[in-house]
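# Summary of the model geometry
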Amino acid sequence: MSLVLTLSETVSIWDKTLKKLSSSMDAATMQAFFAESYIHSVNGNEIFVVVPTELAVRVIESKYTKLVEDIIYELTQNSFIISYITGDKAKTITQSVNEGEKQFFSDSKIDPRYTLENFVVGPSNREAYQAAVIASREPGKMYNPVLIYGDSGLGKTHLLHAIGNAILKENSNLKVLYVKAHDFLDEYVNYVKSDRDGIGLVAWFKNSVDVLLVDDVQFLASKTKTEEMFFSIYNYLHSSGKQVVITSDRHPSTLNGLDDRLKTRFVSGLPVMVGKPEKTVCESILMKLIDEKGMSINNFDPEVINYFATKFGSNVRELEGAFGKLVFYFQNFTNSKHVDLATAIESVRGLAAGKEDSDSLTEDKIISCVSDYYSLTPNQIIGSSRVAKIALARHISMYLIRTMLDTPFTKMGVKFGGKDHSTVMTAVTKIEEAIKTDKELEKVIQDLKKRING
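Computed from a prediction, not measured in an experiment: that's the story for all the values here.

As a further point, take the pattern of salt bridges. Between side chains of opposite charge, pairing is possible as soon as their charged atoms come close. Going through the model one piece at a time under the given rule, you end up with 17 salt bridges. Members of the salt-bridge network, linked through shared partners, are Asp151, Asp447 and Arg451.

Structure below.
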């Protein structure tokens, strides 16, 4: 059960926290990093604390986060997440939709950590970055909707939050809602279960949202009723000149199960792709991460930056995770002040081995890729369902495994739930014959092969 704090209670708790902190550290540290700190706001189980400088944010996050959270837990008997911000960013965490009006999506918020200024730009993402700038400067006036698509972990979510932060900074009167597509689905399902007809939800959007940011819209595919509701909401926002920005893991035209009306509208504005980051972009990201950790690039061998940018550069999220592992290892298991290549490799040995395994082509990788493409689960594909969409995905998986791995039909039968080898052979032959005349299916196969090969 979460604790709801009043303003006076938060002030009191922080005063007590500072007193306890003062007994755990020297006076100079307290004066430098905590003397001017105060609680800005509380949102659910997250407490936003304003500190004097960006350096203070980095130092406190790296060295004192757990200590502060433990003290607050001792005082309140509740677990809170503490987020540290500087005063100039404090206004961006104000609720995107006023609390008095926010009947829906109560857990949704714009993350102040993601801004246009700290997004690293390169050839692979420049167009998407420019689209984000346009949407944030003149919401609803130039390109609407903006659609940002590309593989997972390339910065789409960062851009969505950055757009929200930029809009709130320049237009604090606008109401911005960031929502993940599966949260929209959950909200709608819960709403319908309460025996309401959906009119109230549409009305809420009309009154409470000026800018809608939707993450991972592909999760709405094949959810017919939810798509209809989203279509109604989208039409109103668009016709009212309210900005809509959407992200997807692929171009909407290839999203099987997505309503054709939504596909058409999504691509009618400005669709832009985010691609795999270039090595120079990855190196810039690493340098930014080093700076954010309060470290110096001079403490890292150039070979370390090159190794991480090369090894983990296909995915920004993986790159950030690997670097975090390096910093943890370096700070806790070495006595050196300099990070050499041997230390770096040792710190991520498990991650690197796992990446090598995931990069190798396997039956499971092919099935996983096909299931993701069709918004299914691997278990559905290897199961026995005769639903047309699932059966097609199963046959395509068999065809790809046969042609890309040359797996024997008997072995494939075992993989697909104990099917007879003749059943597998028939499925593979069916796809082979179909792609000779079905250009759309041929395009799907080519697209899947590109995804499987990275």
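In this section: the packing of helix α12 (residues 302-311) against helix α13 (residues 316-333). Where α12 contacts α13, the axes come no closer than 10 Å and their chain directions differ by 140 degrees. Between α12 and α13, the angle is such that the two are oblique. When the axes of α12 and α13 are compared, the crossing they make is right-handed. When α12 is examined against α13, the residues Val304, Phe308 and Ala309 are found in contact with a partner set consisting of Leu319, Ala322, Phe323 and Leu326. Taken together, the residues of the contact of α12 with α13 sort by class into seven nonpolar, no polar and no charged.

Below, the discussion takes up the environment of Lys411. For Lys411, the position within the fold is in helix α19 (residues 409-415). When its relative accessible area of 49% is taken as the criterion, Lys411 is described as partly exposed. Lys411 sits 63 residues away from Val348 along the chain, and the two C-alpha atoms are 35 Å apart.

This paragraph deals with the sheet that holds strand β6 (residues 211-215). The strands making up a sheet associate through backbone hydrogen bonding, with each pair oriented either parallel or antiparallel. Strands sit in the order β5-β6-β7-β4-β8 across an open sheet of five strands; the sheet is parallel. Each edge of the sheet is formed by a strand with only one pairing partner; in this case those strands are β5 (176-180) and β8 (270-273). The sheet shows a mean angle of 15 degrees between the axes of neighbouring strands, taken without regard to direction. Across four bridges, the pairing between β6 and strand β7 (residues 243-248) is parallel. By the bridge assignment, Leu212 is partnered in β7 with Val244. The sheet contacts of helix α6 (residues 156-170) involve β4 (146-149), β5, β6 and β7, and relative to β6 the element is tilted by about 165 degrees.

Turning next to the confidence of the model for the chain. Interpreting fine coordinate detail is not advised for predicted regions of low pLDDT. Confidence in the prediction for the chain averages 85 pLDDT; 90% of positions are at 70 or higher. Scored below 50 in pLDDT, residues 94-102 makes 20 contacts in the model with residues more than four places away or belonging to other chains.

Further remarks concern the pairing of β4. What you see with β4 is no split at all: Val146 and Ile148 on one side and Leu147 and Tyr149 on the other are buried throughout. As paired strands, β4 and β7 are joined by four bridges and run parallel to one another. The residue bridging Leu147 from the neighbouring strand is Ile246, located in β7. Here β4 pairs with β8 via four bridges, running parallel. Following the sheet pairing, Ile148 is matched in β8 by Val272.

Rules behind the numbers
- Residues numbered from 1 in each chain as written.
- Predicted model: local features only at pLDDT ≥ 70, side-chain atom pairs only at ≥ 80, totals over all residues.
- Heavy atoms only, no water.
- Salt bridge = Lys/Arg side-chain N within 4 Å of Asp/Glu carboxyl O.
- Axes fitted to C-alpha atoms, helices over the stretch in contact; angles between N-to-C directions.
- Helix = DSSP H or I, 4+ residues; strand = E, 2+ residues; numbered from the N terminus.
- Parallel < 35°, antiparallel > 145°, perpendicular 65-115°, else oblique.
- Left-handed = near helix turned anticlockwise from the far one by under 90°.
- Contact = heavy atoms within 4.5 Å.
- Nonpolar A, V, L, I, M, F, W, Y, C, P; charged D, E, K, R; others polar.
- Buried < 20%, exposed > 50% of the residue type's maximum accessible area, 1.4 Å probe, protein only.
- Pairing = 2+ DSSP bridges.
- pLDDT = per-residue confidence, 0-100.

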